[in-house]
Amino acid sequence: MNQKFNTKVNDSLQFTIDSESAKNLDLIETKPQLFHLLEQSKPSNIQIIDSNFNTKTYTIKVNNNSYTVKIEDDLDALIKSLGFEVGASKMVNDIKAPMPGLILDIMVKAGDQVTVDTPLLILEAMKMENSIVSPRDGVIKSVSGTKGNTVDKGELLIEFE
């Protein structure tokens, strides 16, 4: 079955390639993530620098020029037309206590800019210290918990803008 792929390079150049054409490329993997391509008697060295399977986005270097390539198949196009995004994660707007415990430390305050995995607070539960980290990039809207206070499971601790 010949499948078509919509391809976008550097968010500007768009083209469609089919699986049969891709299969017939004169392409050889010389080392892991390194390839040699011969097209119309012109050689090209290709290196895959970065890849994100969930978003189907790749950063490649062709003859020392870097490109960002996004590949979308028919299923991706259908999912997008239905109003969903492939690989999108749920936007978390608040952090609630995952279990009852004691707040040992709060590392952020309202207005702080945080990135994914930034430590937000430490919650002691069952004699263990649990570091609660940011699930996304964002700005802290409010901090409901107070250092030294106990919290119940599901209690709001931190809100994002």
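These figures come from a predicted structure and were not determined experimentally.

Examining a nonpolar patch on the surface
The grouping of Leu75, Leu78 and Leu82 at the surface amounts to a nonpolar patch, some 310 Å² of accessible area in total. Within the secondary structure, leucine 78 sits in helix H2 (residues 74–81).

Some details on the sheet that holds strand E10 (residues 113–114)
Across the sheet, which stays open at both edges, the four strands sit in the order E8-E15-E13-E10 with antiparallel pairing between neighbours. A single partner strand is all that each edge strand has here, and the edge strands are strand E8 (94–96) and E10. Sheet topology places E8 next to strand E15 (residues 156–160); three bridges connect them, and they run antiparallel. Within E15, the residue paired with aspartate 94 across the bridge is glutamate 159.

Digging into the sheet that holds strand E11 (residues 119–125)
In space, the four strands of this open sheet follow the order E12-E11-E9-E14, with antiparallel pairing throughout. Where the open sheet ends on each side, the last strands, each with one partner, are strand E12 (128–133) and strand E14 (150–151). Note that strand E9 (residues 101–106) and E14 share two bridges and pair antiparallel. Looking at the pairing, glycine 101 lines up with valine 151 of E14.

Digging into the nonpolar core
Counting 14 residues, the largest nonpolar core has Leu120, Ile140, Leu157 and Ile158 as the members making the most contacts within it. Listed by contribution, the elements that provide at least two residues to this core are E11 and E15. Apart from the residues within four sequence positions on either side, leucine 120 is in contact with Ile95, Ile106, Met107, Val108, Val114, Ile132, Val133, Ser134, Ile140 and Ile158. The next biggest cluster of nonpolar side chains, apart from the first, holds seven residues, and it includes Val9, Leu37, Ile46 and Val69.

Describing the pattern of salt bridges
Counted according to the given criterion, the structure contains two salt bridges. Note that lysine 56 is salt-bridged to aspartate 73, the shortest N-O span being 3.6 Å. A residue pair is termed long-range when its members are at least 10 positions apart, and lysine 56 in the loop between strand E5 (42–52) and strand E6 (57–62) and aspartate 73 in strand E7 (residues 65–73) qualify at 17 residues. On the basis of relative accessible area, aspartate 73 is assigned to the buried category, the value being 12%. Linking aspartate 112 and lysine 109 is a salt bridge whose minimum nitrogen-to-oxygen distance equals 3.1 Å. The class of lysine 109 is exposed, set by a relative accessible area of 53%.

The rules behind each value
Residues take numbers from 1 onward in each chain, read along the sequence in its written order. Residue-level local features of this predicted model are given only where pLDDT is at least 70; pairs of side-chain atoms are given and counted only at 80 or more, and the full residue set underlies all totals for whole chains, interfaces and linings. As a convention, hydrogens and water are excluded, and side-chain values are obtained from all of the structure's heavy atoms. Only residues above 30% relative accessible area that lack a salt bridge enter a patch, with like-charged residues linked at up to 9 Å and the nonpolar side chains Val, Leu, Ile, Met, Phe, Trp and Tyr linked at up to 5 Å. For the area figures, the Shrake-Rupley method with a 1.4 Å probe applies, and any residue is considered shielded solely by the protein chains shown. For salt bridges, the criterion is a side-chain nitrogen of Lys or Arg within 4 Å of an Asp or Glu carboxyl oxygen. Under the DSSP-based scheme used, a helix requires at least four consecutive residues in state H or I and a strand at least two consecutive residues in state E, with every element numbered from the N terminus. In this description, strands pair whenever DSSP reports at least two bridges between them. The criterion is simple. A nonpolar core is a set of buried Ala, Val, Leu, Ile, Met, Phe, Trp, Tyr and Cys residues joined through side-chain atoms within 4.5 Å. Note on classification: 1.4 Å probe, protein chains only; a residue is buried when its accessible area is under 20% of the maximum for its type, exposed when over 50%, partly exposed between these limits. In this description, contact between two residues means that some pair of their heavy atoms is separated by no more than 4.5 Å.

Nothing here speaks to function; it is all geometry.
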